Structures are given as structure tokens and as C-alpha cells.
Amino acid sequence: NYTLRKNTMKKLYQAIVLTALLCSLNLSAHAESNDSLKQALSLYMQGHRDVQHLAQVLDPKAKIQGLMKGKMITMTTAQFLKRAEGIKNLPLEAIAKNRIKLIAQNKETAVAKAKIYLGPDCYQDYLILAKQGSRWRVTHKAFSSDCSTY
């Protein structure tokens, strides 16, 4: 009876250790994924001053749509990057108020909400990101030039 309890306790201990190890590996992988998502969002935010950062984080086939002064606009990634070229020389103060307001994610997808100031203009950006290998890329962007309800 003592030997049976000892073996049961030993197996229980091993199961607890194994479970703890698996949990720590999972948390480590999640933390790494979270860090790479934050890095992608940081590139996106920096891209409003340097278009090369946007090029790194936008998927080449990303769908970009939004309302600009009430008019629906649809762009390819290439069209959006060309348009963004014009904002690369904004002073740092002009974009200092830019913020990521919301991030929700699982292992392979994420959504982020950002408020972007480009000089006197303000935009609300809603980004959908997908994990491609070890990198997060923006696959869809919806935006509005109306920040009054933000």
C-alpha cells in the first residue's frame, strides 16, 4: 500500500512538473509572439514618418479602404505607399500624438485601432494583422478621416 501511494505520488509529481514546463513554454511563445506584434505595430507607427517602415509591415497584397472626407477610397499597398511618400518629412511634433488605442490578438491574427495625426489631419485606422512565419503583417486596413467619434 505504501509503495502504491509512493508510485502514485511520483506520477502525480511528474505530471505537475510536465504541466508546468509545458505552460512555461506556451507563455514564452506567447510573450515572443506579443513582442513581434508590438514590433510590427511600432513599424506601422514609425511609417507615418518614414515610408520604408510601412513597407516592412504592410503585406504586399493588403487591402486598404477608407473614408476620406466622406468619400470611399480603395488602394493597393503600392498605391498607399506612394501616397505615404508625401508625408515622410513631417516634423516629429506633428506625429507625436499618434497612438495605438486597442490591441486584441490570438496566435495567428490580431486587430489594432490607432489614432493617427498627420499635421492638421486626423485619421482612425483599424488594422487586421496576420502572423506570417515569425512576422506580423498588416493584411487589411480600414480608415476614416473623421476622428470626432474616436
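Residues numbered from 1 in each chain as written. Predicted model: local features only at pLDDT ≥ 70, side-chain atom pairs only at ≥ 80, totals over all residues. Heavy atoms only, no water.

1. A word on unusual backbone geometry
To keep it simple, the criterion reads: Numbering of helices and strands starts at the N terminus; helices are DSSP runs of H or I of at least 4 residues and strands are runs of E of at least 2.
Despite not being glycine, Lys69 has its phi angle at roughly 55 degrees, a positive value. Within the secondary structure, Lys69 sits in the loop between β1 (58-68) and β2 (71-75).

2. Let's talk about the nonpolar core
Definition in use: Residues belong to a common nonpolar core when they are buried Ala, Val, Leu, Ile, Met, Phe, Trp, Tyr or Cys residues joined through side-chain atoms within 4.5 Å. Between buried and exposed lies partly exposed: a residue is buried under 20% and exposed over 50% of the maximum accessible area for its type, with that area taken using a 1.4 Å probe on protein chains only. Working rule for contacts: check all heavy atoms of both residues, and any pair within 4.5 Å makes them a contact.
If you look at the biggest cluster of nonpolar residues, it comprises 28 residues, and the most contacted ones within it are Tyr44, Leu54, Ile116, Leu127, Leu129 and Phe143. Within the residue set of this core, elements represented by two or more residues are α1 (2-46), α2 (51-57), β1, β2, α3 (77-84), β4 (109-118), β5 (121-132) and β6 (135-144). Counting residues per element, this core draws most heavily on α1, at 6 residues. If sequence neighbours within four positions are ignored, Phe143 has contacts with Ile64, Gln65, Gly66, Leu67, Met68, Ile73, Met75, Tyr123, Gln124 and Asp125.

3. Digging into the sheet that holds β2
Strands belonging to one sheet form pairs held by backbone hydrogen bonds; the direction of such a pair is parallel or antiparallel. Here is the rule: One bridge is not enough; two strands pair if DSSP finds at least two bridges between them. Axes here refer to lines fitted to C-alpha atoms; in helices the fit is confined to the stretch in contact. Angles between the N-to-C directions go from 0 to 180 degrees.
What the 6 strands build is an open sheet, ordered β2-β1-β6-β5-β4-β3; its pairing is mixed. At either end of the open sheet lies a strand with only one pairing partner, and these are β2 and β3 (99-105). Averaged over all pairs of adjacent strands, the angle between their axes in this sheet comes to 20 degrees, without regard to strand direction. Two elements, β5 and β6, share 9 bridges in a ladder whose sense is antiparallel.

4. Observations regarding α3
To keep it simple, the criterion reads: Of all possible arcs, the one meant is that of the directions from the helix axis to the C-beta atoms.
Among the residues of α3, Thr77, Phe80, Leu81 and Ala84 are the ones counted as buried. With its buried residues spanning 100 degrees around the axis, α3 presents them on a single face. Facing away from the buried side of α3 by over 90 degrees, the exposed positions are Ala78 and Lys82. Of the surrounding elements, those touching the buried residues of α3 are α2, β1, β2 and β6.

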